[in-house]
Amino acid sequence: MDLTGITKLGIGAEQAVEAAIEGFWGARYRFTRYHAGDPDPLESLTIVVATEEVPPGERGLERGRVIADATRLARDLSNEPAGALTPVQLAEVAVEIAERGGLEATILRRGGHRRGRPWRAARCGRGFGPVPRLIKLVYEPSAAQARKRPDGSIPTVALVGKGITFDSGGLSLKTPEGMLTMKTDMSGAADVIATLGACRALGVGVRVVGFAPTTENMPGGRATKPGDVLKIRNGKTIEVVNTDCEGRLVLADGLSLAAEERPTPLSTSRP
């Protein structure tokens, strides 16, 4: 891969290599976990950069690799069949990512939270057998990485991602065609988990808190019914008109929890 022309346009070697690595691995992405006899023919990749920077593009190479790995993780999780990635298993993945990335992980079951008020919108998953999970990941920058504000505080960024590992529509059942891609209704949660997992390697200078409320939306004897009224974490009530609203319900709780972290407005949280 020859980047000499790009760097001559005024783009630094670090930025050029980072973008090249992200683009290369993004274009090559395939979900082949369940394919038989599908080896990757790629053996090596050579990047040529004309630059006087020392070391030439090595930081960009590492940043590109970290971002590409996080992107691949999010895509892999989104492509997993719903039978292979339940809310319980997604929470297990989050804990594993937290251990690797130096994060604090908290996994809550339906109806409980350490501050006493539950995350009640998980009730939309009552038609689902296993207990839903609320995933919370926290990244704290090291003293050397922290980008403090003038008052000495470290800004907080909150991320919330929907984690419906399969969405049938509940009692307001979707059409068969409408369910074909519903294993991907947890892509927001996958993005949050992958993003938090990359923070330390990227040297992020702010505190990042991620919430991923995860469940399935299935019909069943205990499923939420049209006309039910649910109370979400911040005390507001929601009338369910169509049970295919589970994403908005779990996000309502996730956003309420995120607001409790008092995130810094974006305009003042940038390093």
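Residues numbered from 1 in each chain as written. Predicted model: local features only at pLDDT ≥ 70, side-chain atom pairs only at ≥ 80, totals over all residues. Heavy atoms only, no water.

### Some remarks on the packing of helix 4 (residues 87-101) against helix 5 (residues 187-202)
In step 1: Running from N to C, helix 4 and helix 5 point in directions that differ by 15 degrees, and their axes come no closer than 8 Å. As the angle between them shows, helix 4 and helix 5 are arranged roughly parallel. Crossing of helix 4 over helix 5 shows left-handed handedness. From helix 4, Leu 90, Ala 94, Ile 97 and Gly 101 reach across to helix 5, where they touch Ala 189, Ile 193, Gly 197 and Arg 200. (Axes fitted to C-alpha atoms, helices over the stretch in contact; angles between N-to-C directions. Helix = DSSP H or I, 4+ residues; strand = E, 2+ residues; numbered from the N terminus. Parallel < 35°, antiparallel > 145°, perpendicular 65-115°, else oblique. Left-handed = near helix turned anticlockwise from the far one by under 90°. Contact = heavy atoms within 4.5 Å.)

### Let's talk about helix 6 (residues 246-260)
Along an α-helix, residues three or four apart share an orientation, since each turn contains 3.6 residues.
In step 1: Taking 1.5 Å per residue, 15 residues should reach 21 Å; helix 6 reaches 22 Å between its end C-alpha atoms and fits that length.
In step 2: Residues Glu 246, Gly 247, Leu 249, Val 250, Ala 252, Asp 253, Gly 254, Ser 256, Leu 257, Ala 258 and Glu 260 constitute the buried set of helix 6.
In step 3: Buried residues along helix 6 sit in contact with strand 2 (133-139), strand 3 (156-160), strand 4 (163-167), strand 5 (207-217), strand 6 (229-231) and strand 7 (237-239).
In step 4: Downstream of helix 6 by one or two residues, Arg 262 has phi in the positive range, about 50 degrees. (Expected span 1.5 Å × (residues − 1). Buried < 20%, exposed > 50% of the residue type's maximum accessible area, 1.4 Å probe, protein only.)

### So, the environment of Asp 151
In step 1: For Asp 151, the position within the fold is in the loop between strand 2 and strand 3.
In step 2: Polar side-chain contacts of Asp 151 include one of 2.6 Å to the side chain of Ser 153. (Polar contact = N/O pair within 3.5 Å; in protein donor to acceptor, adjacent residues only side chain to side chain.)

### Points about the nonpolar core
In step 1: Formed by 26 residues in total, the largest nonpolar core has its most connected members in Leu 90, Ile 135, Leu 137, Ile 193 and Leu 196.
In step 2: When residues in this core are grouped by element, the largest group, 8 residues, is from helix 5.
In step 3: Sequence-distant contacts of Leu 137, defined by excluding residues within four places in its chain, comprise Ala 94, Ala 98, Leu 103, Glu 104, Ala 105, Ile 193, Leu 196, Val 208, Val 209 and Gly 210. (Core = buried A, V, L, I, M, F, W, Y, C linked by side-chain atoms within 4.5 Å.)

### Comments concerning the environment of Asn 242
In step 1: By secondary structure assignment, the location of Asn 242 is in the loop between strand 7 and helix 6.
In step 2: Exposure remark for Asn 242: the relative accessible area of 39% places this residue in the partly exposed category.
In step 3: Looking at Asn 242, its side chain comes within polar contact range of the side chain of Ser 172, at 3.4 Å.
In step 4: A distance of 2.7 Å separates a polar side-chain atom of Asn 242 from the backbone nitrogen of Asp 244.

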